[in-house]
Amino acid sequence: MALANLTSAPEFLLLGLLDGTDIHPLLFLLFLGVYLLNALGNLAMVVVVRSDGALRSPMYYFLGHLSLVDVCFTTVTVPRLLAGLLHPGQAVSFQGCFAQMYFFVALGITESYLLAAMSYDRAVAVCRPLHYGAVMTPWRCAVLVAASWAVAHLHSLLHTLLISALSYPCAAPVRHFFCDMTVMLSLATSDTAVAEAAIFSEGLAVVLTPLLLVSLSYARILVAVLRVRSARGRRRAFSTCAAHLVVVSLFFGSVLSVYFRPSSAFSARYDRLASVVYAVLTPSLNPFIYSLRNKEVKGALKRGLRWRAASQEL
């Protein structure tokens, strides 16, 4: 069926963030500013983590990869969103639609596993501070990152193949600003029961695994913090995890509200708004949440700016 789709070349019409044919220049400027802020913040975080010797701990290693994923994650969807605000009803090819879906799902799952790896890192730092260096070795950190990428791409490949094998009408309207799984399932004209069952069961395992790891890590952190007698010590322990906990709550909360409900409960308006949260806002907030609450990151940024100013003077 996927080969038949390719030969018949069905097209999809992306209706964008809002229904209708009106252009929205103010929203265009707003999302363009958010996207540029996202690119600037996350790329700056990648450069700082890679170049500053003071940020060589595992936490910043994971943070650098998370920032790189966030830039790619938003780049998959936001340019289409911006184009749709000025030119609603853009046509997208079958290949382009499912290529976008593949990278969107792969990068989203990679982000969830990186967040789980960061929560594990924080749990080791709080619960086993004396053994932190022995547990979070560079080799183990590299394995966690590589596994995050590998699992995410295999998961995305399975979902993309299952959904692309369904039948679709020509020039079908997509009530979204990108080709999302839930939207494409709602558009299919063939039976989606098998695809939905496979996607729901396998997706539940893949998505809930990092969420379970995050929950277990923070349960360990909470138990360890409650054993600390001094209020100052508790505040210090919680401060190392607060930024990460905010990011995790925003990301997983919006993802679960969209993907883990039956297709009969599909709501285009709700899905589009929730998708803005996890596909646009959360990746844009990540570098600022981490940098504004972290003295080491702010210090590295200041050193980088001073070095740049000094090199320009010379």
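The residue numbers shown here count from 1 along each chain, following its written sequence. Given that the model is predicted, a residue must reach a pLDDT of at least 70 before its local features are reported, and side-chain atom pairs must reach 80 or more before they are shown or counted; all residues, however, enter totals for whole chains, interfaces and linings. Water and hydrogen atoms were dropped before computing side-chain values, which therefore reflect all heavy atoms in the structure.

An unreviewed UniProt entry lists the chain under the name Olfactory receptor 1L4-like, with Ursus maritimus as the source organism. Turning to the chain, the UniProt annotation filed under Function (unreviewed entry) states: "Putative odorant or sperm cell receptor." UniProt positions are given in the numbering used here, feature names are shortened, and annotations may be inferred rather than shown by experiment.

Undergrad: How do you make sense of the nonpolar core when you look at a structure like this?
TA: Soluble, globular proteins show a tendency: their nonpolar side chains are buried together. The definition of a nonpolar core used throughout is a set of buried Ala, Val, Leu, Ile, Met, Phe, Trp, Tyr and Cys residues joined through side-chain atoms within 4.5 Å. Type-normalised accessible area, obtained with a 1.4 Å probe on protein chains alone, sets the label of each residue: buried when under 20%, exposed when over 50%, and partly exposed for intermediate values. Of all hydrophobic cores here, the largest spans 78 residues; its most connected members are Phe12, Phe98, Ile163, Tyr168 and Met184. Think of it this way: any DSSP run of H or I at least four residues long counts as a helix, any run of E at least two long counts as a strand, and we number them from the N terminus. It is helix α4 (residues 94-127) that provides the largest number of residues to this core, a total of 16 residues. Whether two residues are in contact is decided by their heavy atoms, any of which lying within 4.5 Å being enough. Not counting residues up to four positions away in its chain, the partners in contact with Phe12 are Gln90, Ala91, Val92, Ser93, Phe94, Cys97, Phe98, Tyr168, Ala172, Val174, Met184 and Leu187.

Undergrad: How do you make sense of the pattern of salt bridges when you look at a structure like this?
TA: It is possible for side chains of opposite charge to pair when their charged atoms get near one another. Salt bridges are identified by distance alone: a Lys or Arg side-chain nitrogen within 4 Å of an Asp or Glu carboxyl oxygen. Using the criterion set out here, one finds one salt bridge in the structure. Across the salt bridge formed by Arg122 and Asp121, the nearest N and O atoms sit 2.8 Å from each other. Classification of Arg122 as buried rests on a relative accessible area of 10%. You can call Asp121 buried: its relative accessible area is 0%.

Undergrad: Is there a simple way to explain helix α3 (residues 58-86) in this structure?
TA: One turn of an α-helix holds 3.6 residues; hence residues three or four places apart share an orientation. Taking 1.5 Å of rise per residue, 29 residues should cover 42 Å, and α3 covers 42 Å from first to last C-alpha, within 8% of that figure. If you look at α3, its biggest bend is around 35°, right at Thr75, and the proline Pro79 turns up within four residues after that. Of all 29 residues making up α3, 21 are buried, and the element is well covered by its neighbours. Expected span of a helix, by definition, is 1.5 Å for each gap between consecutive residues, and there is one gap fewer than residues. We define the bend at any residue as the angle between the axes fitted to the seven residues before and including it, ending there, and the seven starting there.

Undergrad: I would appreciate a short explanation of α4 in the present structure.
TA: Counted at 1.5 Å a residue, the expected span for α4 with its 34 residues is 50 Å, and the 49 Å between its end C-alpha atoms agrees. Counting buried positions along α4 yields 25 of 34 residues, so the element is predominantly enclosed.

Undergrad: Would you mind showing me how to read the state of the cysteines here?
TA: Each disulfide consists of a covalent bond between the sulfur atoms of two cysteine residues. Whenever a pair of cysteine sulfur atoms sits within 2.5 Å, that pair is classed as a disulfide. Going through the model one piece at a time under the given rule, you end up with one disulfide. Shown here is the disulfide that connects Cys97 with Cys179, its sulfur atoms set 2.0 Å apart. Measuring handedness by torsion sign, the sulfur bridge of Cys97 and Cys179 sits at about -125° and is left-handed. Separated by 82 residues along the polypeptide, Cys97 in helix α4 and Cys179 in the loop between β3 (172-174) and α7 (181-187) bring together distant segments of the chain. Given a relative accessible area of 0%, Cys97 falls into the buried group. Overall, Cys179 belongs to the buried group, its relative accessible area being 0%.

Undergrad: Explain the sheet that holds β3 here, please?
TA: Within a beta sheet, neighbouring strands are joined by backbone hydrogen bonds and run either parallel or antiparallel to one another. Strand order in the open sheet made by the three strands is β2-β1-β3, with mixed pairing throughout. The open sheet has two edge strands, β2 (90-93) and β3, and neither has a second partner. On average, each strand axis in the sheet is tilted by 35° relative to the strand beside it, whichever way the strands run. As judged from the three bridges shared by strand β1 (residues 11-14) and β3, these two strands associate in the parallel manner. Residue pairing for β3: Leu14 is matched across the bridge by Val174. Relative to the sheet, α4 contacts β1 and β2, its axis offset from that of β2 by approximately 85°. For two strands to count as paired, DSSP must find a minimum of two bridges between them. To get an axis, a line is fitted to the C-alpha atoms, and for a helix only the part in contact is used. The angle between two axes follows their N-to-C directions and goes from 0 to 180 degrees.

Undergrad: Teacher, can you tell me more about the environment of Pro169 here?
TA: Inspection of the secondary structure puts Pro169 in the loop between α6 (138-164) and β3. Here Pro169 falls in the partly exposed class, since its relative accessible area comes to 32%. Not counting residues within four places of it along the chain, the set of residues in contact with Pro169 comprises Pro10, Glu11, Leu187 and Thr189.

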